[in-house]
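This is what each chain is made of:
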Amino acid sequence: MKTILTLVLILCSYGFFAQKIEKIKLKGEKDFGKRELLIYTPSEYFDQSRSFEVVYVLDAQYREFFDAVHTTIAFQNNGLRPMIVVGIASPYRNIDFLPTNVHPETVQEQYGELGGADDFSDFIENSVMPYVDKNYRTIPTKIGIGHSNGGTFMNYTMIKKPELFDVIFSIDANFNYDKGQLVDLIKNQSTFKNSLDFYYTCYQPNMGDLWIENSKRFNESLSKSIGVQMVQEFFESETHNSVYHIGVMNAFKAYFKFQFFDVQNLVEYLKDLESKEDFTLIKNELLHMAVVFKRFGQVEAAKKLLLSFQEKLTGEIEGYDIYALFETADLYFSLGFSDLAKKYFLYCDRMLE
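Residues numbered from 1 in each chain as written. Predicted model: local features only at pLDDT ≥ 70, side-chain atom pairs only at ≥ 80, totals over all residues. Heavy atoms only, no water.

**Examining the pattern of salt bridges**
Here is the rule we go by: Basic side-chain nitrogens of Lys or Arg form a salt bridge, by our definition, when they fall within 4 Å of a carboxyl oxygen of Asp or Glu. Strands are runs of DSSP state E lasting at least two residues, helices are runs of H or I lasting at least four, and both sets are numbered from the N terminus onward. Remark: exposure states derive from per-residue accessible area (1.4 Å probe, protein chains only) relative to the maximum for the residue type, with buried under 20%, exposed over 50%, and partly exposed in between.
Considering all chains together, one arrives at 15 salt bridges under this definition. Where K276 meets D272, a salt bridge forms, and the shortest distance between an N and an O atom there is 3.3 Å. In this pair, K276 and D272 are both assigned in helix 10 (residues 263–276), four residues apart and thus about one turn of the helix distant. In this structure K276 comes out as exposed when scored by relative accessible area, which is 61%. Ionic contacts of the salt-bridge type, sharing partners, join the residues R50, E53, R81 and E285 into one network.

Okay, structure coming up:
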């Protein structure tokens, strides 16, 4: 009977602490109006001691764009770095995404739907991000994702507000806009400074040769301007619509590999967060990351991670998840931390009794 009751409690806990999606409306400054936000929190969010990186996704009025992102993270991060995902709806997307035109004829080409990119970036900076940081447990790292004209916006914002995002995924951005306005803008930025940690960009052939040419020109100028980790892909068999899903998947795969699955980069990232921001890496989160490395056969990486934060391994054993505790004991045993392994094995034994 006791075993059945325990099983019921475990199953209930999974139900209570499942991933969650909230929907709100947020008003911008002055006459900007309201925008709908979708906010996804992963199942790990129930742990009150943890904070999470935030991904901002444009075009959330199309639910599939938002869903593609949070489901991809769940599949690609292997439990190492779950994230909060914020989708921002733009019913009049081209007004939100496109900067003021340089060439007069662009107004007619866009049917007058353009020119609000500065107001939209102000809304994200002054309304959306403060709301998310105030109401959710966030890590300062911010990832921005835009497709097509949304990608145009992300790249425009990167130039105009270089501190807004730490990571950008530009999926088949429209660099043809206003006769290549962004291509000229990045090319003429002799003093361009940016704090980007990672930049992913991709494009495909079905929008024409000029589309490809301008994409290449922008990316070439960007790579010369800043020393950012940059991944560029060309998908010959994709269309403008189909490229989004594979672009998002490959972008997260490349970013996770660079930032989180490279133990040296991960250690530097975590130490930098602890030194600059109101963030403390907790022991259970550290142990879980080491376990993930061990699962993938990266035993030396797991050991290096733990030794880099050795001071956090002291203190009492925390948690009631017998599987996680035993996995930690096995981790310590595999890494040669005999005393800690014994301590955890004995604790698991007492819990089983």
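On we go from here.
**Focus: the sheet that holds strand 2 (residues 34–41)**
Strands belonging to one sheet form pairs held by backbone hydrogen bonds; the direction of such a pair is parallel or antiparallel. The following threshold applies: Between any two strands, at least two bridges found by DSSP are needed for them to pair. A fitted line through C-alpha atoms serves as each axis, taken over the contacting stretch for helices, and the angle formed by two N-to-C directions is quoted from 0 to 180°. Contacts are residue-level and defined by heavy atoms, with any inter-residue pair within 4.5 Å sufficient.
If you trace the eight strands from one edge of the open sheet to the other, you get 1-2-4-3-5-6-7-8, paired in mixed fashion. Among the strands making up the open sheet, the edge pair consists of strand 1 (20–27) and strand 8 (229–234). Taking the axes of each pair of neighbouring strands and ignoring which way they run, one obtains an average angle of 15 degrees across the sheet. Here strand 3 (residues 52–58) pairs with strand 4 (residues 84–88) via five bridges, running parallel. Its bridge partner being in strand 4, Y56 is matched across the sheet by V86. Against the sheet, helix 6 (residues 149–160) touches strand 3, strand 5 (138–147), strand 6 (167–171) and strand 7 (198–203), its axis set at about 130 degrees to strand 5.

**Details of the side chain of R93**
Here R93 shows up in helix 3 (residues 93–97). Dropping the residues within four chain positions of it, R93 is found in contact with D59, Q61, Y62, H147, S148, N149 and G150.

**Considerations on the packing of aromatic side chains**
Heads up, the rule is: Centres within 6.5 Å are what make two rings of Phe, Tyr or Trp a pair, Trp counting through its six-membered ring; a difference in plane orientation under 30 degrees is then read as stacked, over 60 as edge-to-face, and the rest as tilted. Counting as a charge over the ring demands two things of the Lys NZ or Arg CZ atom: a distance within 6 Å of the ring centre and an angle within 35 degrees of the ring normal.
Counted under the stated rule, the structure contains 29 aromatic pairs. Summarising the aromatic geometry, the rings of F169 and F198 are spaced 6.5 Å apart at their centres and angled 80 degrees between planes, so their arrangement reads as edge-to-face. Placement of F169 in strand 6 and of F198 in strand 7 is noted, with a sequence separation of 29 residues between them. By relative accessible area, which is 0% here, F198 ends up buried. With centroids separated by 5.3 Å and ring planes inclined at 55 degrees, the aromatic side chains of F198 and Y255 adopt a geometry described as tilted. In this pair, F198 sits in strand 7 while Y255 sits in helix 9 (residues 243–259), placing the two residues 57 residues apart along the sequence. The exposure class of Y255 is buried, given its relative accessible area of 1%. Members of the aromatic cluster, each reached through a chain of ring pairs, are F169, F198, Y200, F252, Y255, F256, F258, F260 and Y269. The ring centre of F260 lies 5.6 Å from the NZ or CZ of R81, which sits over that ring. In this structure, R137 is placed above the aromatic ring of Y45, and the distance from its NZ or CZ to the ring centre is 4.0 Å.

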